[in-house]
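What follows is the residue order along each chain.
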Amino acid sequence: MAVKEPSIIASPNRGLALTAGTLLAIWGVLGFFFAGEHGAAFFGDKGGLLWNAFLVNPASTMIWVLLAALLFIVGLGNTVGSRNANLVVGVVLVVLAVYGFVFMNTSANVFAMNTADNVFNAIVGVVLVLTALGADKQNIAALKAARG
């Protein structure tokens, strides 16, 4: 008996991958319009303000767009891939948040992150990691049992 891949609605990891991918894509694409303000370098501690809260430069917006693309691709794919991508992207965002909090007021802040960016990255990252580690266990077990 073949087990069908869970739909996007039935798989929390697939649904979250598409939702978080959409959010990161919006932040990234809109960020490109503001990233060059004040003569910001690609990697630099200065940037433009997105919605008067998020400090962005071209490097930070590029990271968000690339992570969004990864989440879209796997979210439309399968549950196991979505779980793995959510874990990887979540860890990357948490690391960016920690990096941002540590180097926020220094010249080492090459992604031009402020407190709003760091909190955003931390929240999205933690939600992705927790979902990857805690959700879809029954779906993944059923898929592995059907394959093996």
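First, a word on what this report is: a plain description of the structure on this page. Values in this document were obtained by computation on a predicted structure and should not be read as measured data.

Quick word on empty space enclosed by the protein
Right, on to step 1. Applying the stated criterion across every chain yields a total of 1 cavity of 30 Å³ or more.
Right, on to step 2. Approximately 60 Å³ is the volume found for the largest cavity.
Right, on to step 3. For the lining of the largest cavity, the elements supplying multiple residues, two or more each, are α2 (58-75) and α4 (115-134).

A word on the packing of helix α1 (residues 12-34) against helix α3 (residues 79-103)
Two measures define how a pair of helices packs: the angle their axes make with one another and the distance between the axes.
Right, on to step 1. Relative orientation of the contacting elements α1 and α3 amounts to 45°, with a least axis distance of 8 Å. In terms of orientation, α1 and α3 fall into the oblique class. In the packing of α1 onto α3, the handedness of the crossing is left-handed. Contact residues: α1 offers Asn13, Arg14, Leu16, Ala17 and Leu24, while α3 offers Thr79, Ser82, Arg83, Asn86 and Leu93.
Right, on to step 2. Classifying every residue of the contact of α1 with α3 gives 4 nonpolar, 4 polar and 2 charged.

Re α2
Right, on to step 1. With 18 residues, α2 should cover 26 Å at 1.5 Å per step; its first-to-last C-alpha distance of 25 Å lies within 8% of that length.
Right, on to step 2. For α2, the full list of buried residues reads Pro58, Ala59, Ser60, Thr61, Trp64, Leu67, Ala68, Leu71, Val74 and Gly75.
Right, on to step 3. As for α2, its buried residues are in contact with α1, β2 (54-56), α3 and α4.

Examining the packing of aromatic side chains
Here the distance between the centres and the angle between the planes together describe a pair of aromatic rings.
Right, on to step 1. Overall, the coordinates contain 4 aromatic pairs when judged by the stated rule.
Right, on to step 2. Centre to centre, the rings of Trp27 and Phe120 are 4.8 Å apart; their planes meet at 5°, and the pair counts as stacked. Here Phe120 lies in helix α4 and Trp27 lies in helix α1, a separation of 93 residues in the sequence. The same class applies to Trp27 as to Phe120, namely buried.
Right, on to step 3. Plain terms: the ring middles of Tyr99 and Phe111 are 6.0 Å apart, the flat faces sit at 70° to each other, and that makes the pair edge-to-face. Taken as a pair, Tyr99 in helix α3 and Phe111 in the loop between α3 and α4 lie far apart in primary sequence, 12 residues in all.
Right, on to step 4. For Tyr99, a relative accessible area of 23% puts it in the partly exposed group.
Right, on to step 5. What links up through ring pairs into an aromatic cluster is the set Trp27, Trp64 and Phe120.

Remarks on unusual backbone geometry
Right, on to step 1. Its identity is not glycine, yet Ala112 carries a phi of approximately 50°, on the positive side.
Right, on to step 2. Following the sequence through the fold, Ala112 ends up in the loop between α3 and α4.
Right, on to step 3. On the basis of relative accessible area, Ala112 is assigned to the buried category, the value being 0%.

Digging into the environment of Gly75
Right, on to step 1. By the element assignment, Gly75 lies in helix α2.
Right, on to step 2. As a C-alpha pair, Gly75 and Leu16 span 59 residues in sequence and 7.8 Å in three-dimensional space.

Calculation criteria
Residues numbered from 1 in each chain as written. Predicted model: local features only at pLDDT ≥ 70, side-chain atom pairs only at ≥ 80, totals over all residues. Heavy atoms only, no water. 1 Å grid on protein atoms, 1.4 Å probe; cavity = no way out; pocket = protein on both sides within 12 Å on 5 of 7 lines; lining within 4 Å. Points joined across faces, edges and corners; volume = space filled by probe spheres on them. Helix = DSSP H or I, 4+ residues; strand = E, 2+ residues; numbered from the N terminus. Axes fitted to C-alpha atoms, helices over the stretch in contact; angles between N-to-C directions. Parallel < 35°, antiparallel > 145°, perpendicular 65-115°, else oblique. Left-handed = near helix turned anticlockwise from the far one by under 90°. Contact = heavy atoms within 4.5 Å. Nonpolar A, V, L, I, M, F, W, Y, C, P; charged D, E, K, R; others polar. Expected span 1.5 Å × (residues − 1). Buried < 20%, exposed > 50% of the residue type's maximum accessible area, 1.4 Å probe, protein only. Phe/Tyr/Trp six-rings, centres within 6.5 Å; stacked < 30°, edge-to-face > 60°.

Geometric descriptors of this kind do not, in isolation, establish any biological role.
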